Amino acid sequence: MPDRRRRTVLGRRASRRALREAATGYLLVLPALATFAVFVFYPLGRAIWLGLYRTSVSPNLPSTYVGPSQYASVVSSSAFLGSLWRTILFAVFTMPAGIALGIALAMLAHQRLRGIQVFRTVFSSTVATSTAVASVIFFTLLDPQIGLLSYWLGKKGGAGILSDPTFALPAVSVVSIWQNIGFTFILMSAALQAIPDTLLDAARLDGASSWHRFRSVTLPLLSPTVFFAIVVGIIGSFQAFGQIDILTQGGPNNHTMVLIYYIYQSAFVNNDYGLAAVASVVLFAILLVVTLVQFRFVERRVFYAT
Amino acid sequence: MDGGDRPPGAASAISLEGITKSYGEVAAVDDLSLQIDPGELLVLVGPSGCGKSTVLRLIAGLDEPTAGTVRIAGEVVNGIDPKDRDVAMVFQSYALYPHMTVARNIEFPLRARRVPKAERERSVAGVARNLQIDHLLKRKPAALSGGQRQRVALARAIVRRPRAFLMDEPLSNLDAQLRIEMRAALVELQARLGTTVVYVTHDQVEAVTMGRRIAILDSGRLQQVATPAEVQARPANAFVAAFIGSPPMNVMPATLEPGEVTTGTQNAGRHLAVAGGVLPLTGAQQAALGARDLTTVLAGIRAEDLQVDPEGSVRATVSFVESFGAERIAACRLPATGAADGQLVMVRISAGARAPRTGEAVTLGAHAPASLFDPASGARLDA
Amino acid sequence: MPESNQPDTSGRGEQAWLPRKPLDRRSFLAGATTLASAGLASSVLAACGASPKPKTTATSTPKAAAFPIGAAARASGKPVGITLWHSMQSANLEALTTMTDQFNASQGDVRVTLVNQNSYPDTLSLYTAALAGGNLPDVVQIESEDLQLMIDTRSVVPAQSAIDADHYDLSDFLGVTVSYFRVGSTLWAMPFNISSQVLYYDQNAFTHAGLDPSKPPTTLDGLRGAANKIVQAKVAKYGMALKLSPSTFDEWLAMGGGTLVNNSNGRQGRATRVTFDSSLGKSIIGFYAQMFSSHLAQPASATTYDNLVAIGNGISPMTLETSAALGTVAGLLGGYKQVKLGVGPMPGPTGNGGVYVGGAGLYMVSKSPPERQDGAWQYIKYLIAPAQQATWAAASGYVPVRKSAVDVPVLKARWASLPGFRVAYDQILSSPVTAATAGAVMGPANQIDTAIQDALTSVSQGRPAAATLAQAAATANQALSSYNSRVQG
């Protein structure tokens with residue numbers, strides 16, 4: 001049956017081509033894959049492995065294999081759980097407020113006014129500020145003896161806001177919000193500019209008040225950007241380090257001991273690399289889950305323009 | 001120029017009185033006065049950048065005029081918020097809310113006005129049925145074709161029964177076929193609803209076919225407001241003459257020469273000399289010109305008023321012949337004047353007549369008097 | 001005894017893979033930032049934290065074998081180059097550089113290169129990082145409280161072995177400076193830059209409050225009384241600024257004759273439990289609570305010099321601060337014309353104790369070859385000689401570690417013009433050598449510090465003192481047992 005043979009030959013040829021295409025594809029992603037393997041997967045594997053050891057007080061000395069029990073004991077320890085709780089609090093303090101403020105500033109700067117460019121520059125200026133600089137600025141502002149903010153807040157004298165267990169985390173959060181506001185502002189400004197003016201004109205004619213226009217038109221259309229800011233924000237809050245290192249070093253009384261700082265202290269102050277590895281792996285897992293959940297569930301409720 | 005013999009007043013659905021809108025030095029709209037009758041479909045037409053969309057935005061209240069008064073149903077609406085002007089707008093981009101279903105889009109103006117739910121649903125269903133989009137109500141705009149989006153945009157405008165519709169090039173994003181269908185549908189819809197419509201377009205064919213009256217705008221100034229027939233027959237100036245009609249009127253420089261040319265009805269003491277040929281002047285034109293000291297004018301003559309005529313005196317060479325269905329237009333080049341190429345004039349070949357060949361030397365004759373325009377201002381001389 | 005603990009040799013197969021290379025803080029931050037977006041901070045740890053290292057090469061305890069005295073002079077390639085890692089800045093750095101240049105010029109056997117590692121914590125983490133693989137210095141300046149950790153790294157040649165081999169005489173040294181670095185009968189590091197806490201106060205404020213500016217308070221009761229008088233006379237808002245710093249608490253504990261940890265402050269055996277929650281500890285934290293609640297003392301941050309600024313701007317005319325800050329204090333308060341700075345001995349609980357010392361010691365590194373070990377010892381000997389200690393103390397404000405330095409003209413002259421600089425020396429000199437005044441030697445010193453600091457913070461917030469201290473003790477005990485369980489790996 002010549003027909004069938006022909007088809008088979010063709011089929012074989014097609015499958016060979018598909019194979020070749022697949023091979024080319026894999027070849028093209030290989031550099032990225034190799035980079036990930038070397039800098040992400042391998043270190044991750046090592047960290048998981050390291051978490052099975054009780055490391056010595058000094059890194060030149062032998063470690064003891066303790067097995068998965070170290071994971072159990074670290075994860076159930078009050079220090080770890082406390083730091084996780086502080087991290088969640090930190091995210092709750094910084095993210096909604098930061099995003100709301102970013103949107104508010106972007107709305108303000110979106111007006112067509114003379115000299116609005118100056119405000120845009122001012123609002124986005126914190127992007128050019130490093131965490132260290134922002135932290136040092138606020139450290140000075142919050143100083144109980146010479147700080148302007150302390151003076152205005154009526155907290156002059158005493159040990160200061162940053163040494164006050166009640167206010168330390170909120171204070172660090174404010175610094176983080178301030179530092180990130182430029183980025184959020186730019187993000188939201190770009191998103192606002194992408195919303196066609198005619199939509200808002202249409203809504204005005206349709207009788208919507210300015211709040212109604214914002215809520216029913218602007219905000220839904222900003223939602224992809226807001227979603228992006230939330231993902232970046234959550235990951236960012238889980239990795240906030242510089243401001244805490246400079247402002248409070250995890251204190252007072254561990255009130256700013258977020259997970260990443262706990263890991264840092266365990267590893268580089270207490271030389272407890274095994275414990276730090278466990279906490280890092282858990283942090284990784286948490287962020288992975290958070291990101292997956294966000295993409296799985298939140299994304300569905302987000303409008304993406306076509 | 002204003003809306004002609006109508007006095008500005010309470011009888012108009014929309015009345016613009018001396019409207020100016022400036023952006024810095026530039027006047028987008030310059031001292032415009034226009035009355036729109038209740039239930040009228042007025043087409044505002046002009047080339048892009050002429051200020052026609054700005055006029056619409058001034059009526060809607062999306063922009064405020066720098067000077068002048070806007071009235072809707074007799075009441076001055078300057079400074080009144082768009083939502084309180086009770087007009088609806090259909091945008092060229094449709095401006096559908098992309099995150100809302102069709103139903104929610106149509107419902108939006110009712111929600112904004114806190115119309116009760118039951119009434120909202122009834123209205124939306126009614127309008128959707130009316131515009132044959134009831135099967136699309138659950139879709140998002142992204143899942144609709146251009147024509148469907150257009151209908152949804154219309155539905156959203158119609159649903160709250162405004163005092164007027166403002167339509168800003170609503171058909172220009174549609175393909176040609178659909179555009180022609182929608183034109184008819186819009187005219188029919190407007191007649192049925194009886195609502196005042198101000199319809200903005202840059203397409204003069206659309207303007208001529210849709211408007212009972214059309215207002216022609218150029219560089220922020222109103223050029224002419226009249227019925228399509230009048231605009232075509234008696235363009236107010238050279239701009240209108242060259243803008244309206246397909247093909248537009250041939251506008252040629254001409255000189256006034258002494259001596260009477262007698263052809264049938266026409267007789268006078270002077271005649272027009274165009275590119276070596278001779279065109280007659282009517283008595284009324286003679287009288288109008290008599291008051292002025294002019295030696296050159298712009299002569300406008302429609303393609304349908306020209307013909308290839310062995311008796312004619314204007315010599316030309318056929319450049320090409322275009323056919324639009326039954327209609328044939330010959331583009332004929334007049335003799336060169338100096339270094340410049342001769343001007344192209346459009347000549348309609350009457351039904352049954354032989355079409356000239358490309359390159360053929362012909363003579364052209366006119367069977368209607370030319371429109372005459374001032375060469376400096378472009379204004380009609382025999383108004 | 002820590003030094004008697006041999007590494008565990010009952011190896012398991014898994015131990016062939018040992019975490020070796022730790023991170024220093026800078027590369028951690030860089031790495032963490034890079035990987036931040038991927039949420040892979042964990043991998044940074046691993047990237048730098050775990051490299052295979054065969055068990056057989058694990059460093060063993062340095063044998064107190066014969067110290068190679070004279071090896072530098074006998075070395076074939078002279079001069080022998082050695083390196084000191086230190087954390088001295090500004091005026092102190094200048095003085096150290098000058099002394100080192102002079103040492104290099106004074107002989108031909110040894111050439112010292114100084115490496116500035118910025119701060120004590122940085123030096124320590126760079127040092128432990130280098131232990132796992134990297135270039136080690138021959139001498140390293142380590143903050144006093146990290147003594148136990150340094151012992152536990154098994155990377156140090158005890159100063160004792162050089163002293164024994166060289167028949168070096170310690171009798172001229174101030175007792176508590178030596179006792180601080182001695183565990184059992186072994187002196188681990190040579191004391192180099194030494195300080196203790198003193199009282200800084202504004203003599204003018206004392207006068208205004210009707211106090212005798214030449215007789216600053218010396219006891220806790222006296223301190224409270226003076227503070228009370230200052231507040232009553234409305235001379236200042238508070239009587240004093242009291243830092244929420246563990247060093248003041250620790251100093252008071254030592255002055256009252258109490259220890260911080262068991263086994264005689266870790267001197268007779270590895271510390272396994274804290275003892276600061278004793279009745280003495282309770283009375284000290286009670287003093288804090290009382291001073292704060294009665295608004296006689298203003299709580300001040302442990303990590304800044306806000307307490308000194310408070311003297312300057314007249315909010316709190318007294319504070320307790322390390323004597324090493326005197327240069328800074330004098331400079332800072334020079335800007336406040338109305339303030340006349342006074343320095344008094346550390347007021348504290350009366351008892352059979354005395355002050356213990358802070359500062360840093362110089363450690364010799366056991367990985368260095370004999371000629372460099374000897375070179376290190378020659379250099380250290382030079383730095384702690386009376387003439388150099390006098391120069392050092394005069395330039396830096398630190399206390400000279402030996403008595404004969406006081407008779408050297410440069411220091412005499414300095415102290416004559418600034419008598420405040422002598423106060424710390426006198427109180428260290430008079431401090432009896434006991435387990436309490438030796439200070440605590442304990443592995444997780446940093447964590448225990450934090451526990452105490454947290455307790456002080458809580459007390460400043462009005463929490464009950466005794467319960468807070470008990471909580472701190474529990475946290476510290478936890479840290480101790482965790483640390484101790486990791487000593488052998």
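Residues numbered from 1 in each chain as written. Chains lettered and ligands numbered in written order. Predicted model: local features only at pLDDT ≥ 70, side-chain atom pairs only at ≥ 80, totals over all residues. Heavy atoms only, no water.

A short note on the overall build of chain B
Working step 1: Scanning chain B for helices and strands turns up nine helices and 20 strands.
Working step 2: Dimensions of chain B along its principal axes, counting C-alpha atoms only, are 80 × 45 × 35 Å.
Working step 3: Out of the 383 residues belonging to chain B, those deemed buried represent 50%.
Working step 4: Nonlocal contacts in chain B, meaning residues at least 24 apart in sequence, comprise 64% of its contacts between residues at least 6 apart.
Working step 5: Summed over all atoms, the accessible surface of chain B reaches about 16,600 Å², with 51% contributed by carbon and sulfur.
Working step 6: Of note, chain B has its 41 positive side-chain charges centred 10 Å away from the centre of its 40 negative side-chain charges. (Helix = DSSP H or I, 4+ residues; strand = E, 2+ residues; numbered from the N terminus. Buried < 20%, exposed > 50% of the residue type's maximum accessible area, 1.4 Å probe, protein only. Contact = heavy atoms within 4.5 Å. Areas by Shrake-Rupley, 256 points an atom, 1.4 Å probe, with all protein chains shown as cover. Lys, Arg positive; Asp, Glu negative; His and termini not counted. Charge placed at Lys NZ, Arg CZ, Asp CG, Glu CD.)

A word on the domain arrangement of chain C
Residue and element names in this part refer to chain C.
Working step 1: Examined at the domain level, chain C breaks down into domain 1 (71-195 + 357-433) and domain 2 (197-354 + 444-485).
Working step 2: On a C-alpha basis, the centroid separation for the pair domain 1 and domain 2 is 28 Å.
Working step 3: At the junction of the two partners, domain 1 supplies 22 residues and domain 2 supplies 21 residues.
Working step 4: Summing both sides of the interface, domain 1 and domain 2 together bury roughly 1,500 Å²; the carbon and sulfur share of this comes to 49%.
Working step 5: Among the residues of domain 1 in contact with domain 2, E145, V423 and Q427 are the three that bury the most area, contributing 29% of the side total.
Working step 6: In this assembly, domain 1 and domain 2 are joined by one salt bridge.
Working step 7: Taking the shortest distance from any N to any O, the salt bridge between R270 and D152 comes out at 2.7 Å.
Working step 8: Connecting domain 1 to domain 2 are nine residue pairs in polar contact (both at pLDDT 80 or more).
Working step 9: Elements that contribute at least two residues to the side of domain 1 that touches domain 2 include exactly α6 (147-152), α8 (175-180), β5 (182-183) and α19 (420-429). (Domains from an automatic or database assignment. Buried area = accessible area lost by both parts, 1.4 Å probe. Salt bridge = Lys/Arg side-chain N within 4 Å of Asp/Glu carboxyl O. Polar contact = N/O pair within 3.5 Å; in protein donor to acceptor, adjacent residues only side chain to side chain.)

Here we look at the interface of chain B and chain A
Working step 1: Each partner contributes to the interface: chain B provides 24 residues, whereas chain A provides 17 residues.
Working step 2: The largest per-residue losses of area from chain B upon contact with chain A belong to Y97, H99 and F108 of chain B, which jointly make up 27% of the total buried on that side.
Working step 3: Here R156 of chain B ties to D206 of chain A by a salt bridge, and the two come within 3.6 Å at their closest N and O atoms.
Working step 4: Counting only elements with at least two residues in the side of chain B that touches chain A, the list comes to α1 (52-60), β6 (87-90) and α2 (102-112) of chain B.
Working step 5: Counting residues per element, the side of chain B that touches chain A draws most heavily on α2 of chain B, which supplies three residues.
Working step 6: Taken together, the residues of the side of chain B that touches chain A break down into 15 nonpolar, three polar and six charged. (Nonpolar A, V, L, I, M, F, W, Y, C, P; charged D, E, K, R; others polar.)

Overview of the layout of surface pockets
Working step 1: Roughly 1,400 Å³ of volume is contained in the second largest pocket.
Working step 2: Lining of the second largest pocket is provided by 41 residues; of these, A79 and Y262 of chain A together with Q447, T475 and Q478 of chain C occupy positions nearest its centre.
Working step 3: Of all the elements in the fold, those that place two or more residues in the lining of the second largest pocket are α2 (69-75), α3 (78-109) and α11 (259-269) of chain A together with α21 (445-460) and α22 (465-485) of chain C.
Working step 4: Broken down by element, the lining of the second largest pocket gets its largest block of residues, 10 residues, from α22 of chain C.
Working step 5: Residues belonging to the lining of the second largest pocket are distributed by class as follows: 12 nonpolar, 23 polar and six charged. (1 Å grid on protein atoms, 1.4 Å probe; cavity = no way out; pocket = protein on both sides within 12 Å on 5 of 7 lines; lining within 4 Å. Points joined across faces, edges and corners; volume = space filled by probe spheres on them.)

Remarks on the nonpolar core
Working step 1: Of all hydrophobic cores here, the largest spans 145 residues; its most connected members are M190, F249, W252, F276, M318 and Y363 of chain C.
Working step 2: Here this core takes eight residues from helix α13 (residues 279-293) of chain C, the largest share from any one element.
Working step 3: Mapped onto the domain boundaries, this core takes at least three residues apiece from domain 1 (71-195 + 357-433) and domain 2 (197-354 + 444-485) of chain C.
Working step 4: Residue contacts for Y363 of chain C: discarding those within four places in its chain leaves D138, V139, V140, I142, D146, L147, M150, V156, F181, W188 and A189 of chain C.
Working step 5: Of all hydrophobic cores here, the second largest spans 60 residues; its members include F185 of chain A together with I19, F108 and L222 of chain B. (Core = buried A, V, L, I, M, F, W, Y, C linked by side-chain atoms within 4.5 Å.)

Overview of the domain arrangement of chain B
Working step 1: You can read the domains of chain B as domain 1 (14-237) and domain 2 (250-373).
Working step 2: Using C-alpha coordinates to define each centre, domain 1 of chain B is positioned 40 Å away from domain 2 of chain B.

Re unusual backbone geometry
Working step 1: With an omega dihedral of -5 degrees, the bond running from S246 of chain B to P247 of chain B counts as a cis peptide bond.
Working step 2: Residue K78 of chain C is joined to P79 of chain C through a cis peptide bond whose omega torsion reads 0 degrees.
Working step 3: In this structure, P79 of chain C sits in the loop between α3 (71-74) and β1 (80-86).
Working step 4: The phi torsion at D86 of chain B lies on the positive side, around 60 degrees, for a residue other than glycine.
Working step 5: Position of D86 of chain B relative to the elements: it lies in the loop between β5 (75-76) and β6.
Working step 6: The phi dihedral of S219 of chain B falls on the positive side, at around 50 degrees, and the residue is not glycine.
Working step 7: Looking at where S219 of chain B falls in the secondary structure, it is placed in the loop between β9 (213-218) and β10 (221-226).

Regarding the pairing of strand β3 (residues 41-45) of chain B
Residue and element names in this part refer to chain B.
Working step 1: Buried residues dominate β3, accounting for five of its five residues.
Working step 2: Burial along β3 is two-sided: L41, V43 and V45 and L42 and L44, pointing in opposite directions, are all buried.
Working step 3: Alignment of β3 against strand β8 (residues 196-201), held across five bridges, turns out to be parallel. Residue pairing for β8: L42 is matched across the bridge by V198.
Working step 4: As paired elements, β3 and β9 share four bridges and run parallel to each other. Residue pairing in the sheet places L44 in a bridge with A215 of β9. (Pairing = 2+ DSSP bridges.)

Brief notes about the sheet that holds strand β19 (residues 361-366) of chain B
Residues and elements named next belong to chain B.
Working step 1: Within the open sheet, the five strands sit side by side as β15-β19-β16-β17-β18. Their pairing is antiparallel. Each having just a single partner strand, β15 (306-308) and β18 (344-349) make up the two edges of the open sheet. Pairs of neighbouring strands in the sheet enclose a mean axial angle of 45 degrees, with direction left out of account.
Working step 2: Bridge analysis of strand β17 (residues 327-333) against β18 gives six bridges, and the strand direction is antiparallel. Its bridge partner being in β18, A331 is matched across the sheet by M346. (Axes fitted to C-alpha atoms, helices over the stretch in contact; angles between N-to-C directions.)

Let's talk about the side chain of H86 of chain C
Working step 1: Relative to the elements of secondary structure, H86 of chain C occurs in strand β1.
Working step 2: The residues touching H86 of chain C, leaving out its near neighbours within four places in the chain, are L93, L96, L114, V115, N116, Q117, N118, T123 and Q141 of chain C.

With respect to the packing of aromatic side chains
Working step 1: Counting across every chain of the model gives 29 aromatic pairs over all chains.
Working step 2: Aromatic pair Y97 of chain B and F108 of chain B: ring centres 4.5 Å apart, planes at 55 degrees, arrangement tilted. Of this pair, Y97 of chain B sits in the loop between β6 and α2 while F108 of chain B sits in helix α2, and the two are 11 residues apart along the sequence.
Working step 3: Taking relative accessible area as the criterion, Y97 of chain B reaches 0% and is therefore assigned buried.
Working step 4: The class for F108 of chain B is buried, based on a relative accessible area of 2%.
Working step 5: With a centroid separation of 6.2 Å and 65 degrees between ring planes, the pair formed by Y168 of chain C and F173 of chain C is classed as edge-to-face.
Working step 6: Owing to a relative accessible area of 18%, Y168 of chain C belongs among the buried residues under this scheme.
Working step 7: Among the aromatic residues, those joined into a ring-pair cluster are F241, Y261, Y264, F268 and Y273 of chain A.
Working step 8: Positioned above the aromatic ring of Y97 of chain B, the side-chain terminus of R156 of chain B is 4.6 Å from the ring centre.
Working step 9: Directly above the aromatic system of F421 of chain C lies the positively charged group of R414 of chain C, at a separation of 4.6 Å from the ring centroid. (Phe/Tyr/Trp six-rings, centres within 6.5 Å; stacked < 30°, edge-to-face > 60°. Lys NZ or Arg CZ within 6 Å of the ring centre and 35° of its normal.)

Overview of a nonpolar patch on the surface
Residue and element names in this part refer to chain A.
Working step 1: Nonpolar side chains collect at one region of the surface, where V127, F183, I186, F228 and V232 lie side by side and expose about 410 Å² of accessible area between them.
Working step 2: Those elements that provide at least two residues to the nonpolar patch are α7 (168-193) and α9 (210-238).
Working step 3: Looking at the secondary structure, you find V232 in helix α9. (Patch = residues over 30% accessible without salt bridge, like charges linked within 9 Å, V, L, I, M, F, W, Y side chains within 5 Å.)

A closer look at the confidence of the model for chain C
Residue and element names in this part refer to chain C.
Working step 1: Confidence along chain C averages 86 in pLDDT terms, with 87% of residues attaining 70 or more.
Working step 2: pLDDT under 50 marks residues 1-63. Its contacts with residues more than four places away, or in other chains, come to 145 contacts.
Working step 3: Under the prediction, the complex receives an ipTM of 0.80, its pTM being 0.77. (pLDDT = per-residue confidence, 0-100.)

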